[in-house]
Amino acid sequence: MSPKTADTHVALATGGLPEHIVEFIEQTRSLPHPESYLIAVMQLLQKHFGYLPAKTLDAVSQRMQIPSAKVTGVATFYHFFTFVPKGKHTISVCLGTACYVKGAGILVDRLKEMLDVEVGNTTKDSLFTLEVARCVGACALAPVVIVDDKVHANVRPDELIKILSKYGYKAK
Amino acid sequence: MAEKKQISLTIDDLAVKVPEGSTIMDAADTIGVQIPRLCYHPHLSILGACRVCLVEVEGLRNPVASCAYPVEEGMKVRTSSTLLRRLRRDVVELILDNHPQECQTCERNCNCELQKYAFELGIRDRLFQGERKRYKKDLSSPAVSRDLEKCILCGRCVRVCAEVQGVYNLSQHRRGFHIEVSPAHQGNMLNSVCVQCGQCANVCPTAAIVEHNDTEAVFAALADPAKHVVVQTAPSIRAAIGEGFGYEPGAPATGRMVTALRLMGFEKVFDTNFGADLTIVEEAHEFMRRLRNNDRLPLLTSCSPGWIKFLEHFYPELIPYASTCRSPMTMLSVLMKTVYAEKTGLDAKNIYVVAVMPCTAKKFEAKRPEHYTPFGAPYTDAVLTTRELIWMMKCYGMDFRHLQDSDFDNPLGVSTGAADIFGTTGGVMEAALRTAYEKITGKLCENLNFFEVRGVEGVKESAVMIDGKIINVAVSNGLQNAKNLLDKVARREKQYHLIEVMACVGGCIGGGGQPYPPPGMHIMDAGLLKMRAKALYTIDSQKKLRKSHENPYIIKLYEKFLGEPNGHRAHELLHTHYEPKFPRGIR
């Protein structure tokens, strides 16, 4: 047995899933088309873990009796789902038209440089995850950078260090 | 059952009548109009993804996909026009835009459906060069290889795996340009629920999924003077190999095949049939013992390696019911590296055993640690599929049609008719019944033909009276059918005594390594399977010896080497064990 399959074995034995998600799945059993709750289950999972750990997807597959390939097929279809742990803070740069013409692209480049990550990835110290958004509907404030739930308006590239240092960023 | 309502329509001005619910493509097929198709397969659900099968219907504004469009009364269909030719050509051109331009060096060269349509639809120029998909090849599995760059996303493999085999190892992942067909977690074919049956390779229109290539290893062994290279061929090879050289399916080709193998340089040409006879003797005794003790019934046959892996992933609680007999291939390989080595005075380490199998899963079986010699080499060194062997023979420039016939080498080439029918669904059951009947009753089995278990239906059931006791037997082929049967067993709905399971539709004759079907036929085609099966039943009916336990060399083998069937030595050499495998499959 390879380490990976041994892992799966443990996940199966313990369930690998938080209790409230197990409960949710059990409730769907009596409903018509229980398999149609797959996306809802994965949303709960991502809310709980911040991402979709592989072994919990296997546990979902077993508990809902949906083939594992189908589970990960659905999960990878949606950009919303992510398979790597997120950082403590999520930075989201709006790349909608208004923000873009006001220089959001430069902000993304600067952030990539500052954090040494590509878009969608997490810093080595697990502090920040860098993401981009397609128009957050606050065009008057362009360019917009959202950190966790806080919206930062009219951001200039040289302000980024000051903003991020509030979240523990230390310049190299 | 009431006859279905007939629908009348015209296709290219020809009048056609087909049952209600047929598609335009079905109707066209009946009058010999082959509309081009890539994602369509008659045994799989309708996807309508490739758009190559577009036709025009009078009164409809746009062309429709004929594979998915049901016929209607009075419908007027046109299957070719300037517009349709252009549309179909554009569709295939767009597929080619991000397809590797390497037909000459591709495994499916001259045997590829995409290449065929590129030619037939008249694509002579490459106007665009689209962005190419870049993937690493998946060579993880010893049985099947994946090259996602050649995938055209027709979804046939996904459907055959889920619908016919009930395995559901493959699914489309991601979206848009990045869609890829993969096992769970975009993983590989080895660490997955894949049973290695190769049906995905069979239905793949391109070379996106093919068998793992073992031909180079065999060429190298044949060229190595230190190696004593022997070969064995499975029962179903003789029923299909001729197809590679333009013969009709099921045309007799055994003698020519043996000659060709000698010409290739194999020292001895043995017959997996001998292993099959041996399997039957062992399995029949195992069955008798369990029947006597009412122990772990039904006995599940163990010859099909795809089925065995399926059992380990999907029905681990039924493992104790499976026969512990090694497959005919492995039994024979074991004999070659023990008895044969002893007899000839050869060092077993220098014997190189090649097995020609209709099957990709046999490549996986050969690499299972359970089937390794005490000195750490596999009993079966290399497994070639029928397709690989045909290609190797062509590589040698062999004019197969003009070869003379010759016989297998003795004694591991002598077999009874019971072994020949191993290659088709129901064959193992029939062979086992012939021997079990005589061994249990001590009487002569006069009616050797158990017609109830013949035929290519998915599940066959029968009851046989042996010694005043009713023996319930069942035969299944295609793993989705096995699921339905095994669920009954697991729920204890009916007491079966003996169950034969073959992973592939039709049994080994429809295996994942068999020749791609000739024009006008398709994988899992009942007509094709019947022709191949008929070849085997004909060989069986023409043999003098038709019961495995009457094989004179098997009798001698037990006398001189093995002792009693199921005895200590036999157990050591001819039996194996199974264990639950992860990831666990979804039933």
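Residues numbered from 1 in each chain as written. Chains lettered and ligands numbered in written order. Predicted model: local features only at pLDDT ≥ 70, side-chain atom pairs only at ≥ 80, totals over all residues.

Across its full length, chain A carries seven helices and four strands. For chain A, the succession of helices and strands along the chain, N to C, is α-α-α-α-α-β-α-β-β-β-α. Oriented by its inertia axes, the alpha-carbon framework of chain A measures out at about 55 × 35 × 25 Å. (Helix = DSSP H or I, 4+ residues; strand = E, 2+ residues; numbered from the N terminus.)

Once that is clear, we can look at the sheet that holds strand 16 (residues 469-477) of chain B. Residue and element names in this part refer to chain B. Read across the open sheet, the four strands follow the order 12-17-16-15; overall the sheet is mixed. The sheet terminates laterally at strand 12 (299-300) and strand 15 (459-466), the two strands that pair on one side only. Against the sheet, helix 14 (residues 427-441) touches strand 15, strand 16 and strand 17 (498-502), its axis set at about 10° to strand 15. (Pairing = 2+ DSSP bridges. Contact = placed C-beta atoms within 7 Å. Axes fitted to C-alpha atoms, helices over the stretch in contact; angles between N-to-C directions.)

What follows deals with the environment of Lys460 of chain B. Residue and element names in this part refer to chain B. As for its position among the elements, Lys460 is in strand 15. Exposure remark for Lys460: the 20 C-beta atoms within 10 Å place this residue in the buried category. Measuring from C-alpha to C-alpha, the distance between Lys460 and Ser415 comes to 26 Å, with 45 residues separating the pair along the chain. Ignoring any residue separated from it by four or fewer positions in sequence, one finds Lys460 in contact with Gly426, Glu452, Val453, Gly455, Ala474 and Val475. (Buried ≥ 20, exposed ≤ 12 C-beta atoms within 10 Å, placed from the backbone.)

What follows deals with the pairing of strand 13 (residues 351-357) of chain B. A regular strand carries its side chains on alternate faces of the sheet. Residues and elements named next belong to chain B. With seven of seven residues buried, strand 13 is to be regarded as a mostly interior element. Residues Ile351, Val353, Ala355 and Met357 of strand 13 are buried on one face, and the alternating residues Tyr352, Val354 and Val356, pointing to the opposite face, are buried as well. Bridging between strand 13 and strand 14 (residues 382-385) involves four bridges; their strand directions are parallel. Paired with Met357 across the bridge in strand 14 is Thr385.

Our focus in this paragraph is the domain arrangement of chain A. Often the size quoted for an interface is simply the accessible area lost on bringing the parts together. Split into domains, chain A comes out as domain 1 (3-77) and domain 2 (89-165). The distance between the C-alpha centroids of domain 1 of chain A and domain 2 of chain A comes to 32 Å. (Domains from an automatic or database assignment.)

On to the pairing of strand 2 (residues 128-133) of chain A. Residue and element names in this part refer to chain A. Note that strand 1 (residues 89-94) and strand 2 share six bridges and pair parallel. Along strand 2, the bridge assignment pairs Ser92 with Glu131. What joins strand 1 to strand 2 is helix 6 (residues 97-115), and the crossover it makes is right-handed. (Right-handed = clockwise from strand over helix to strand, strands pointing away.)

All names here are of chain B. Orientation of helix 8 (residues 272-293) relative to helix 10 (residues 328-344), taken along the N-to-C sense of each, is 105°, at an axis distance of 7 Å. The orientation of helix 8 with respect to helix 10, classified from their angle, is roughly perpendicular. On helix 10, the residues touching Thr272, Phe274, Gly275, Ala276, Leu278 and Thr279 of helix 8 are Pro328, Met329, Met331 and Leu332. Counted by class, the contact of helix 8 with helix 10 contains seven nonpolar, three polar and no charged residues. (Parallel < 35°, antiparallel > 145°, perpendicular 65-115°, else oblique. Nonpolar A, V, L, I, M, F, W, Y, C, P; charged D, E, K, R; others polar.)

Okay, the interface of chain A and chain B next. Listed as interface residues are 21 residues of chain A and, on the opposing side, 17 residues of chain B. For the side of chain A that touches chain B, the secondary-structure elements that each account for two or more residues are helix 1 (3-14), helix 4 (54-64) and helix 5 (68-77) of chain A. Broken down by element, the residue count for the side of chain A that touches chain B peaks at eight residues, all from helix 5 of chain A.

What follows is about the sheet that holds strand 4 (residues 64-65) of chain B. Residue and element names in this part refer to chain B. The strand order across the open sheet built from five strands is 2-1-5-3-4, with neighbouring strands paired in mixed fashion. Either end of the sheet is taken by a strand with one partner, and the two such strands are strand 2 (14-19) and strand 4. When strand 1 (residues 6-11) meets strand 5 (residues 76-78), the two strands line up parallel, connected through two bridges. Within the sheet, the bridge partner assigned to Ile11 lies in strand 5 and is Val77.

Turning our eyes to something else, we now look at the domain arrangement of chain B. Its domain assignment divides chain B into domain 1 (6-80), domain 2 (144-212) and domain 3 (217-574). For domain 1 of chain B and domain 3 of chain B, the distance between their C-alpha centres works out to 41 Å.

What follows is about the nonpolar core. Counting residues in each nonpolar core, the largest one holds 185 residues, and the members touching the most others are Cys157, Cys200, Val354 and Ala432 of chain B. In contact with Ala432 of chain B, not counting residues within four places along its chain, are Ile280, Glu283, Ala284, Phe287 and Leu498 of chain B. In this structure, Val93, Cys94, Phe128 and Leu160 of chain A belong to the second largest nonpolar core, which totals 17 residues. (Core = buried A, V, L, I, M, F, W, Y, C linked by C-beta atoms within 7 Å.)

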